[in-house]
Amino acid sequence: MGFSPEYYERYAAVLNTALSKVAMYRPWKSLDPGPEYPVDVRFAAMPVLIKKDIRDNFPHGVLPSDMDIERGLASGEIQLAETSGTTDDRITNIWDQKWWDASERASWQLNSYMSEIATGDHHEAILVNPRNVGVISDDADLPMEKRRLSRFLYLNEKTDPTRWTSAYMDRMIQDLNIFQPVVLEANPSYLARLCRYIADKNRAVFQPGAIVFTYEYPTIHHYHQIRRIFSKVPLISSYGTTETGYVFMQCEKGKWHQNSEFCRVDFQPFLKEHGGPFLGRILVTILDNPWNYLVRFATGDIVRLEETGKCPCGRSSGLVLSSIEGRKVNLTLTCDGRLVTLFELDSIMGKLKDIDMYKLIQTDKNHYELYLVSRSTMLENMTEAAIMGLKKLYGQEADITVAYQSDIAPENSGKYLVSEALFPIDLDNYLDKQRI
Ligand SMILES: [Zn+2]
């Protein structure tokens, strides 16, 4: 990883403005060793920004004192955007469309397929929960023209995908065939659901130039189900948040690259016994957004650094990741207390065949509840294989119950929950403080 001095000037500029003009950072000021110190040292001395800080200080405390939010809203330069999620999670953000578009455009350069086909006015179909983006209409089905917005077409207006009917999914297939998107952007679980239907009914569907996964973690089962239908289309994962814009993009060689023009990323490794030093969490600082000063924002993403620091694609600006391992909310613990990421759990679950979906809930130290949606007729074998795999991961003393369901609905956020622990896991206890 190498950064030119120009990047460090930009980091310093963001930090200086945040500390001197943004009220939210006032308590951080006394921790700053001062501008004469190297930028990395100054960043390392700063605390971590969490959603609560933004919520408590919104709107005037999160803005530089010389920025006038009323003027920005009145002129249309910015809007207010509420993120979906649980009450604890939900915050209002200042949405700067121009900056967002520029951040997205820069991310396309990190993948050769995208940089070739994405022009900025290309057709894009979007298959996500309308709670995240798009138009909600749970009762009436909307005609195509009501679901068009500039170059985009929203394929889904229903908040609960478990209620998609055959006719509704036929409409999605028809929409794709008519609209012929260059890019299909999708929540992987939503696209996997459509692909299971397409496979069952043996339908033909238009093949876009690329499929970009957003909002959710794509599991091994999602990949298999989607690959069956879109056998030659590049499947690309894009990672970011409403607050931070586009942070990582998967390149054509399968690794993830930092969108360095628009963000600084600080990596904090876990302790060795919890997967460190290459596994850890990230803190994101966004660059060049006059309306948003986010410094060391904890996005909740757990990532694994590429050990060589390099990628065969040759891109070298910023962090290179070998995997994104899910989010903090997806972490579980083994019976003897070791952190388990969704990636690690999924590598076990992905070996089980004939599973449409799964969800794993850890209720306490050694109790795990696994929910499966499967069309297998050999459920006893399936149960046995699942328990054996999970005991290998969590410990022989793990108490695992397996229950079969006909379907699993997404959370209120619109995203599917694949794994979680029902007790708090404080990452501070797992970070390698010597290396931070
Ligand atoms: Zn690469």
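All of these numbers come straight from a predicted model, not from anything done at the bench. (Residues numbered from 1 in each chain as written. Predicted model: local features only at pLDDT ≥ 70, side-chain atom pairs only at ≥ 80, totals over all residues.)

Describe the overall build of the protein, and please don't skip the residues or the numbers.
Regarding its fold elements, the protein presents eleven helices and 20 strands. A compact globule built from 436 residues should have a C-alpha radius of gyration of about 22 Å, and the protein, at 22 Å, falls within 12% of that. In the protein, buried positions account for 37% of the 436 residues. Sequence-distant contacts in the protein: of pairs separated by 6 or more residues, those separated by 24 or more amount to 66%. (Helix = DSSP H or I, 4+ residues; strand = E, 2+ residues; numbered from the N terminus. Rg over C-alpha atoms; globule rule 2.2 N^0.38 Å. Buried ≥ 20, exposed ≤ 12 C-beta atoms within 10 Å, placed from the backbone. Contact = placed C-beta atoms within 7 Å.)

Tell me about the pairing of strand β7 (residues 210–213), and please be specific about residues and values.
Residues Ala210 and Val212 line one face of β7 and the alternating positions Ile211 and Phe213 line the opposite face, and both faces are buried. As defined by bridge partners, strand β6 (residues 183–186) adjoins β7 across four bridges and the pair is classed as parallel. Counterpart to Leu184 in the pairing with β7 is Ile211. At this point the chain moves from β6, through helix α8 (residues 188–201), to the parallel β7, and the crossover so formed is right-handed. Judged from the three bridges that link them, β7 and strand β8 (residues 235–241) form a sheet pairing that is parallel. What sits directly across from Val212, in β8, is Ile236. Between the parallel elements β7 and β8, the chain passes through helix α9 (residues 220–229) in a crossover that is right-handed. (Pairing = 2+ DSSP bridges. Right-handed = clockwise from strand over helix to strand, strands pointing away.)

Residues and numbers for the packing of α8 against α9, please.
At a minimum axis distance of 8 Å, the contact between α8 and α9 shows a crossing angle of 50°. The orientation of α8 relative to α9 falls into the category oblique. Where α8 crosses over α9, the handedness of that crossing is left-handed. Here Pro188, Ser189, Leu191, Ala192, Cys195, Arg196, Ile198 and Ala199 of α8 come into contact with α9, specifically with His222, Gln225, Ile226, Arg228 and Ile229. (Axes fitted to C-alpha atoms, helices over the stretch in contact; angles between N-to-C directions. Parallel < 35°, antiparallel > 145°, perpendicular 65-115°, else oblique. Left-handed = near helix turned anticlockwise from the far one by under 90°.)

Before we move on, could you go through the sheet that holds β7 and cite the residues and values that matter?
Spatial ordering of the open sheet is given by β4-β5-β3-β6-β7-β8-β9-β10-β14-β13-β12-β11, a layout of twelve strands whose pairing is mixed. Both outer strands of the open sheet, β4 (148–149) and β11 (263–269), are each paired with one neighbouring strand and no more. Pairing between strand β9 (residues 245–250) and strand β10 (residues 256–258): three bridges, direction antiparallel. Bridge pairing in β10 links Phe248 to Gln258.

For the environment of Glu306, give the residues involved together with the corresponding values.
Locating Glu306 in the fold gives a position in the loop between β13 (297–305) and β14 (320–327). For Glu306, a count of 18 C-beta atoms within 10 Å translates into the label partly exposed. Sequence separation of Glu306 and Val320 is 14 residues, and the distance between their C-alpha atoms is 5.6 Å. In this structure, Glu306 is in contact with Lys255, Cys311, Val320, Leu321 and Ser322, ignoring residues within four places of it in sequence.

Lay out the domain arrangement of the protein with the relevant residues and their values.
In terms of domains, the protein is made up of domain 1 (97–327) and domain 2 (332–435). Each of domain 1 and domain 2 was reduced to a C-alpha centroid, and the two centroids are 23 Å apart. On the domain 2 side, the residues contacting the 30 residues of domain 1 number 22 residues. The set of elements that each furnish at least two residues to the side of domain 1 that touches domain 2 consists of α8, α9, β11 and β14. Per-element accounting of the side of domain 1 that touches domain 2 gives the leading share, three residues, to β14. When grouped by side-chain class, the residues that make up the side of domain 1 that touches domain 2 number nine nonpolar, 14 polar and seven charged. (Domains from an automatic or database assignment. Nonpolar A, V, L, I, M, F, W, Y, C, P; charged D, E, K, R; others polar.)

Now, about unusual backbone geometry: what can you tell me, with residues and values included?
Omega for the peptide link from Phe58 to Pro59 comes to -5°, which places this bond in the cis form. By the element assignment, Pro59 lies in the loop between α3 (51–57) and α4 (69–75). For the bond from Gly276 to Pro277, the omega torsion is 5°, close enough to zero to count as cis. For Pro277, the location among the structural elements is in the loop between β11 and β12 (279–286). For Asp288, which is not a glycine, the phi torsion comes out positive at approximately 60°. Tracing the backbone shows Asp288 in the loop between β12 and β13. In the Ramachandran plot, Asp354 falls in the positive-phi region, its phi being about 60° despite a non-glycine side chain. If you trace the backbone, Asp354 turns up in the loop between α10 (342–349) and β17 (355–364). Taking the number of C-beta atoms within 10 Å as the measure of exposure, Asp354 has 14 and is therefore partly exposed.

Would you mind going over the sheet that holds strand β19 (residues 399–404) in detail, with residue names and values included?
Within a beta sheet, neighbouring strands are joined by backbone hydrogen bonds and run either parallel or antiparallel to one another. With mixed pairing, the four strands of this open sheet are ordered in space as β19-β18-β17-β20. Each having just a single partner strand, β19 and β20 (419–421) make up the two edges of the open sheet. Each strand axis lies, on average, 15° off the axis of its neighbour in the sheet, ignoring direction.

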